[in-house]
Amino acid sequence: QVQLMQSGAEVKKPGASVKVSCKASGYTFNDHYMHWVRQAPGQGLEWMGRINPNNGGTDYAPKFRGRVTMTRDTSISTAYMELSRLRSDDTAVYYCARQRVVATLLDYWGQGTLVTVSS
Amino acid sequence: QTVVTQEPSFSVSPGGTVTLTCGLTSGSVSTDYYPSWYQQTPGQAPRTLIFSTNTRSSGVPDRFSGSILGNKAALTITGAQADDECDYYCVLYMGSGISVFGGGTKLTVL
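Given the structure is predicted, the values throughout are model-derived calculations rather than measurements.

J.: Looking at this structure, I do not really get the nonpolar core. What am I missing?
T.: Generally speaking, nonpolar side chains in soluble globular proteins are found buried as a group. Counting 38 residues, the largest nonpolar core has Met34(A), Trp36(A), Met48(A), Met81(A), Leu83(A) and Phe101(B) as its most contacted members. The dominant element in this core, judged by the number of residues it contributes, is strand E9 (residues 92-100) of chain A, at five residues. Those residues within four positions of Leu83(A) in sequence are excluded, and the remaining contacts are Ala16(A), Ser17(A), Val18(A), Arg38(A), Met48(A), Phe64(A), Arg67(A), Val68(A), Asp90(A) and Tyr94(A). Residues Trp37(B), Ala73(B), Cys90(B) and Leu107(B) belong to the second largest nonpolar core, which totals 22 residues.

Here it is as structure tokens:
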């Protein structure tokens, strides 16, 4: 069965960077884009970007360009999302999600990783 | 910058029908935006209900349906049940690899 297993919670200071991992299993990793979506406490979903595991190509939301880097390691079926120059309003649960068929269909989601930014 | 709009909240009576919408601050939503709808209960990851305007995801009851109504995408829930009370999000594909979520609708069943 398809599973996306994310790394554990992180606490970071303002200005630092965080790197969240998402290990995929149960399907061919290269066949599906991986998206990253975040949700601040009590707020809505926010699309951050996606990566094509096949060639490493990325698309980022304009808001995050210059601060986010999405990468992958196909040898271990793992996608990564690194966010730099963290601010307190980056405190959120970060999800990875697998795309299927069309860009807006995210059919499997990771369990989420809470990133807390606090001095 | 175009924003995806949703009603912040909506209320429906048990057994009733409700239509949630997903629009744009500039322009009309069409099938070209591949509108999809997600349901989220507190503390859980979102669950896909509808994708590409009107295709129901596997296991989703036919009480949930998607469409284009006027210049917006729409999610209609018929025969509302107590456990439909949660948050609903739409997402649109804006082109060039970019997707945008709406702000979400908190649905109350009472």
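J.: Help me understand the interface of chain A and chain B, please; the structure alone is not making it clear to me.
T.: In this assembly, 22 residues from chain A lie in contact with 22 residues from chain B. For the pair chain A and chain B, the summed buried area comes to about 1600 Å², and 64% of that belongs to carbon and sulfur atoms. In terms of surface lost to chain B, no three residues of chain A exceed Leu45(A), Trp47(A) and Thr104(A), which account for 40% of the buried area on that side. The interface formed by chain A and chain B contains zero salt bridges.

J.: Mind showing me how you'd approach the sheet that holds strand E1 (residues 3-6) of chain A here?
T.: Note: strands within a sheet are paired through backbone hydrogen bonds, in either parallel or antiparallel orientation. Residue and element names in this part refer to chain A. Spatial strand order, E1-E3-E8-E7: four strands in an open sheet with antiparallel pairing. Of all the strands in the sheet, the pair left with one neighbour each is E1 and strand E7 (68-73). Geometrically, the sheet is characterised by an average inter-axis angle of 20° between neighbouring strands, direction not taken into account. Where E1 and strand E3 (residues 18-25) come together, four bridges link them in antiparallel fashion. By the bridge assignment for E3, Gln-6 is matched with Cys-22.

J.: Can you walk me through the environment of Thr76(B) in this structure?
T.: Residues and elements named next belong to chain B. Residue placement: Thr-76 occurs in strand E8 (residues 72-77). Given the relative accessible area of 15%, Thr-76 is considered buried. Distance from Thr-76 to Tyr-88, taken between C-alpha atoms, is 11 Å for residues twelve residues apart in sequence. Residue contacts for Thr-76: discarding those within four places in its chain leaves Thr-17, Val-18, Thr-19, Arg-63, Phe-64 and Ser-65. There is a polar contact of 3.0 Å between the side chain of Thr-76 and the side chain of Thr-19.

Reading guide: rules and limits
Residues numbered from 1 in each chain as written. Chains lettered and ligands numbered in written order. Predicted model: local features only at pLDDT ≥ 70, side-chain atom pairs only at ≥ 80, totals over all residues. Heavy atoms only, no water. Core = buried A, V, L, I, M, F, W, Y, C linked by side-chain atoms within 4.5 Å. Buried < 20%, exposed > 50% of the residue type's maximum accessible area, 1.4 Å probe, protein only. Helix = DSSP H or I, 4+ residues; strand = E, 2+ residues; numbered from the N terminus. Contact = heavy atoms within 4.5 Å. Buried area = accessible area lost by both parts, 1.4 Å probe. Salt bridge = Lys/Arg side-chain N within 4 Å of Asp/Glu carboxyl O. Pairing = 2+ DSSP bridges. Axes fitted to C-alpha atoms, helices over the stretch in contact; angles between N-to-C directions. Polar contact = N/O pair within 3.5 Å; in protein donor to acceptor, adjacent residues only side chain to side chain.

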